[in-house]
Amino acid sequence: MKKPLDADIYDNYVMILKSELVPALGCTEPIAIAYASAKAREVLGVMPESMEMCCSGNIIKNVKGVTVPNSGGLKGIDVAAALGVVGGDATKELEVLEGVTEAHIEETKKLVKQGFCRCTLQEGVENLYIVAKVFAGEHSAEVTIINRHTLITKIVKDDAVIYEHKISESASEKGDKSLLNVKDILTFADTVAMEDVEAVIRDQIEKNTAISQEGVIHPYGAQIGRTLLDVFGNDVRTRARAKAAAGSDARMGGCSMPVVINSGSGNQGMTVSLPVIEYAKEYEATKEQLYRALVVGNLISIHQKKYIGSLSAYCGAVSAACGAGAAITYLRGGTYEEVGLTIINTIGNVGGIVCDGAKSSCAAKIASAVDAAILAHYMAMKHVSFQPGEGIIQEDLEGTIKSMGYIGRVGMKLTDTEILNIMIDRVDVDQM
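If you're wondering where the values come from, they're calculated on a predicted model, not measured in any experiment. (Residues numbered from 1 in each chain as written. Predicted model: local features only at pLDDT ≥ 70, side-chain atom pairs only at ≥ 80, totals over all residues. Heavy atoms only, no water.)

Points about the overall build of the protein
Link 1 in the chain: Along its length, the protein carries 17 helices and 8 strands.
Link 2 in the chain: Computed over the C-alpha atoms, the radius of gyration of the protein is 21 Å, within 12% of the 22 Å expected from 2.2 N^0.38 for a compact globule of 432 residues.
Link 3 in the chain: Across its three principal directions, the C-alpha atoms of the protein cover 70 × 50 × 45 Å.
Link 4 in the chain: Among the 432 residues that make up the protein, the fraction classed as buried is 58%.
Link 5 in the chain: Intrachain contacts of the protein at a sequence separation of at least 6 include 76% that bridge at least 24 residues.
Link 6 in the chain: Total accessible area on the protein is roughly 17400 Å²; 50% of this is exposed by carbon and sulfur atoms.
Link 7 in the chain: Looking at charge distribution, the protein has the averaged site of its 42 positive side-chain charges lying 2 Å from that of its 54 negative ones. (Helix = DSSP H or I, 4+ residues; strand = E, 2+ residues; numbered from the N terminus. Rg over C-alpha atoms; globule rule 2.2 N^0.38 Å. Buried < 20%, exposed > 50% of the residue type's maximum accessible area, 1.4 Å probe, protein only. Contact = heavy atoms within 4.5 Å. Areas by Shrake-Rupley, 256 points an atom, 1.4 Å probe, with all protein chains shown as cover. Lys, Arg positive; Asp, Glu negative; His and termini not counted. Charge placed at Lys NZ, Arg CZ, Asp CG, Glu CD.)

Overview of helix 5 (residues 102-113)
Link 1 in the chain: An ideal rise of 1.5 Å per residue puts 16 Å on 12 residues; helix 5 measures up with 17 Å between its terminal C-alpha atoms.
Link 2 in the chain: Residues of helix 5 that are buried include every one of Ile105, Thr108 and Leu111, and no others. Down the axis of helix 5, the sector holding all buried residues measures 125°, keeping them to one side. In helix 5, those exposed residues whose orientation departs by more than 90 degrees from the buried face are Glu102, Ala103, Lys110 and Lys113.
Link 3 in the chain: If you follow the buried residues of helix 5, they end up packed against helix 4 (77-87).
Link 4 in the chain: Just downstream of helix 5, glycine 115 is the residue with a positive phi angle, here 75°. (Expected span 1.5 Å × (residues − 1). Arc of directions from axis to C-beta.)

Digging into the nonpolar core
Link 1 in the chain: Judged by nonpolar contacts, the single largest core of 77 residues is most densely connected at Phe188, Ile201, Leu299 and Ile343.
Link 2 in the chain: Here this core gets 10 residues from one element, more than from any other, and that element is helix 13 (residues 316-331).
Link 3 in the chain: When residues no more than four places from it in sequence are discounted, the contact partners of leucine 299 are Tyr13, Ile16, Leu17, Leu180, Ile185 and Phe188.
Link 4 in the chain: By size, the runner-up hydrophobic cluster in this structure holds 49 residues, among which are Ala34, Leu83, Cys117 and Leu128. (Core = buried A, V, L, I, M, F, W, Y, C linked by side-chain atoms within 4.5 Å.)

Thoughts on the side chain of arginine 239
Link 1 in the chain: Residue position: arginine 239 is located in helix 10 (residues 236-252).
Link 2 in the chain: Reaching out from arginine 239, the side chain makes a polar contact with the side chain of glutamate 278 at a distance of 2.8 Å.
Link 3 in the chain: Setting aside residues up to four positions removed in sequence, arginine 239 forms contacts with Leu229, Asn234, Glu278 and Glu282. (Polar contact = N/O pair within 3.5 Å; in protein donor to acceptor, adjacent residues only side chain to side chain.)

Side note on the sheet that holds strand 7 (residues 160-164)
Link 1 in the chain: Reading across the sheet, the 6 strands line up as 3-2-4-5-6-7 and stay open at both edges, with mixed pairing between neighbours. Edge positions in the sheet fall to strand 3 (117-121) and strand 7, since each of these pairs with one other strand and no more. On average, each strand axis in the sheet is inclined to that of its neighbour by 15°, with strand direction left out of account.
Link 2 in the chain: Here strand 4 (residues 129-136) pairs with strand 5 (residues 139-146) via 8 bridges, running antiparallel. (Pairing = 2+ DSSP bridges. Axes fitted to C-alpha atoms, helices over the stretch in contact; angles between N-to-C directions.)

Re the packing of helix 11 (residues 266-282) against helix 15 (residues 362-381)
Link 1 in the chain: Two elements in contact, helix 11 and helix 15, have axes whose closest approach is 11 Å; the angle formed by their N-to-C orientations is 45°. Judged on the interaxial angle alone, helix 15 and helix 11 are oblique. Both helix 11 and helix 15 take part in a crossing whose hand is right-handed. Taken together, the residues of helix 15 that come into contact with helix 11 (itself represented by Asn267, Thr271, Pro275 and Tyr279) are Cys362, Ile366, Val370, Ile374 and Tyr378.
Link 2 in the chain: Looking at the contact of helix 11 with helix 15 residue by residue, the classes come out as 7 nonpolar, 2 polar and no charged. (Parallel < 35°, antiparallel > 145°, perpendicular 65-115°, else oblique. Left-handed = near helix turned anticlockwise from the far one by under 90°. Nonpolar A, V, L, I, M, F, W, Y, C, P; charged D, E, K, R; others polar.)

Brief notes about helix 4
Link 1 in the chain: Burial analysis of helix 4 places 10 of its 11 residues in the buried class, which makes it a mostly covered element.
Link 2 in the chain: Taken together, the buried positions of helix 4 are occupied by Ile77, Val79, Ala80, Ala81, Ala82, Leu83, Gly84, Val85, Val86 and Gly87.
Link 3 in the chain: Buried positions along helix 4 lie against helix 2 (28-44), strand 2 (50-55), helix 3 (57-63), helix 5, strand 3 and strand 4.

Here we look at the packing of aromatic side chains
Link 1 in the chain: Scanning the entire structure with this criterion turns up 3 aromatic pairs.
Link 2 in the chain: Judged by centre distance (5.4 Å) and plane angle (75°), the ring pair of tyrosine 13 and phenylalanine 188 falls under edge-to-face. Taken together, the residues tyrosine 13 in helix 1 (residues 7-20) and phenylalanine 188 in helix 7 (residues 182-191) connect sequence positions 175 residues apart.
Link 3 in the chain: With centroids separated by 6.2 Å and ring planes inclined at 25°, the aromatic side chains of tyrosine 279 and tyrosine 283 adopt a geometry described as stacked.
Link 4 in the chain: The class for tyrosine 283 is partly exposed, based on a relative accessible area of 36%. (Phe/Tyr/Trp six-rings, centres within 6.5 Å; stacked < 30°, edge-to-face > 60°.)

Things to note about the pattern of salt bridges
Link 1 in the chain: According to the stated counting rule, one finds 18 salt bridges in the structure shown.
Link 2 in the chain: Of the charged contacts in the structure, one is a salt bridge between glutamate 288 and arginine 292, with a shortest N-O distance of 2.9 Å. With a gap of 4 residues between them, glutamate 288 and arginine 292 both fall in helix 12 (residues 287-305), about one helical turn apart.
Link 3 in the chain: Here glutamate 288 falls in the partly exposed class, since its relative accessible area comes to 41%.
Link 4 in the chain: Judged by its relative accessible area of 11%, arginine 292 is buried.
Link 5 in the chain: Sharing partners across several salt bridges, the network here consists of Arg239, Lys243, Glu278, Lys281 and Glu282. (Salt bridge = Lys/Arg side-chain N within 4 Å of Asp/Glu carboxyl O.)

Section: the pairing of strand 5
Link 1 in the chain: Within strand 5, 6 of the 8 residues are buried, which leaves it mostly tucked inside the rest of the structure.
Link 2 in the chain: In this structure, the hairpin formed by strand 4 and strand 5 is closed by a connection of 2 residues, where glycine 137 is found at a positive phi of approximately 60°.
Link 3 in the chain: Turn length for the strand 5-strand 6 (residues 152-157) hairpin, with the two strands adjacent in sequence and antiparallel, is 5 residues, and the turn residue asparagine 147 shows positive phi of about 75°.

Topic: the pairing of strand 6
Link 1 in the chain: Examined bridge by bridge, strand 5 and strand 6 share 5 bridges and lie antiparallel to one another. Within the sheet, the bridge partner assigned to isoleucine 145 lies in strand 6 and is isoleucine 152.
Link 2 in the chain: As defined by bridge partners, strand 6 adjoins strand 7 across 4 bridges and the pair is classed as antiparallel. Its bridge partner being in strand 7, valine 156 is matched across the sheet by valine 161.
Link 3 in the chain: Where strand 6 folds back onto strand 7 in an antiparallel hairpin, the turn is made up of 2 residues, including aspartate 158, whose phi is positive at roughly 50°.

So, the side chain of glutamine 268
Link 1 in the chain: The residue glutamine 268 is located in helix 11 in this model.
Link 2 in the chain: When its relative accessible area of 7% is taken as the criterion, glutamine 268 is described as buried.
Link 3 in the chain: Here glutamine 268 is in contact with Asn262, Ser263, Lys305, Gly316, Ala317, Ser319 and Ala320, once residues within four sequence places are set aside.

Shown next as structure tokens:
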């Protein structure tokens, strides 16, 4: 057994896991809109007569094509906002729509048809930015969310600020991700007391396995998971891809079952966990071995995303699948070097998958990313890898992770803008 980490770093890693691995009902962007809207109505104190949503491009991109959970198959920002007002419970945060009824859905349909909610694009703001404004007579309320799906930064009632939260305060509450690195993550996974992580990892296994099975049984979305199993059989490599994809099929298709997220995303939470669970079954790993492997996968995924941010043009399935591949290597007895090669090989292969919003094709991107991570794992176990100087691969592991993060955060910023322009019809592709 390795020497334990410094107590402060150890406690920080536990805090990161507990704050990041939380349940969410449906795609987190429409849920964040519903949460802000439900909170705004709560502050207003009465049913609004009208409302306005001001959102960043990335929020609009990730809500446009995905089914709002518990909505009866409806899509759109106005649906998520109105449903949050009508039937949302803000105290449940990412499970805000858990108590929605058929009556709430019918009322939402009426409000949407009446133009109850006006939606506008807010430019020049953080990638994750939501403002919900509600109005009733001469009274109003406004709730702002920035950077994290449940991070309310300001509440205004009748033009008076009644709550304000500085974004810089968040690290002390959620853990300092700047302390994450692969070497310490592996040491932490080797030495962490099970009682410190068991509850959150168990919840991730149970909830994500359940929605994955739902996606296998029922024809949600593009049926990527079902197609993989039907066409390619039932070996562990196929199951690893199919189970992660099936969870996304269900989730993007509006399934109301909760998912334990990673880096603010249910798709990433499923991608980082379900392939590892399948490999653990295949090799008859013990419960403790699986839990420690999932600690590795989750923290490595979070480590990569800290350089990119919650929302960007970089598909988060890649960083999550990279974490899953690293976890599989760890589960199979891989060393620090082999885990590192798995990460490098995944980034060097599929680092360029773009995010063009939450929708049914997310499941296919997940399957592709997991396939690349599995290939990366087998390459790493043979000590075969892409070399420094080949593309963005750097001399060391952490440098390679940072280089991919820089591309996702800075290099793909213009790509992100142009993806949104196409999605909201600012670009006439027929004239190109």
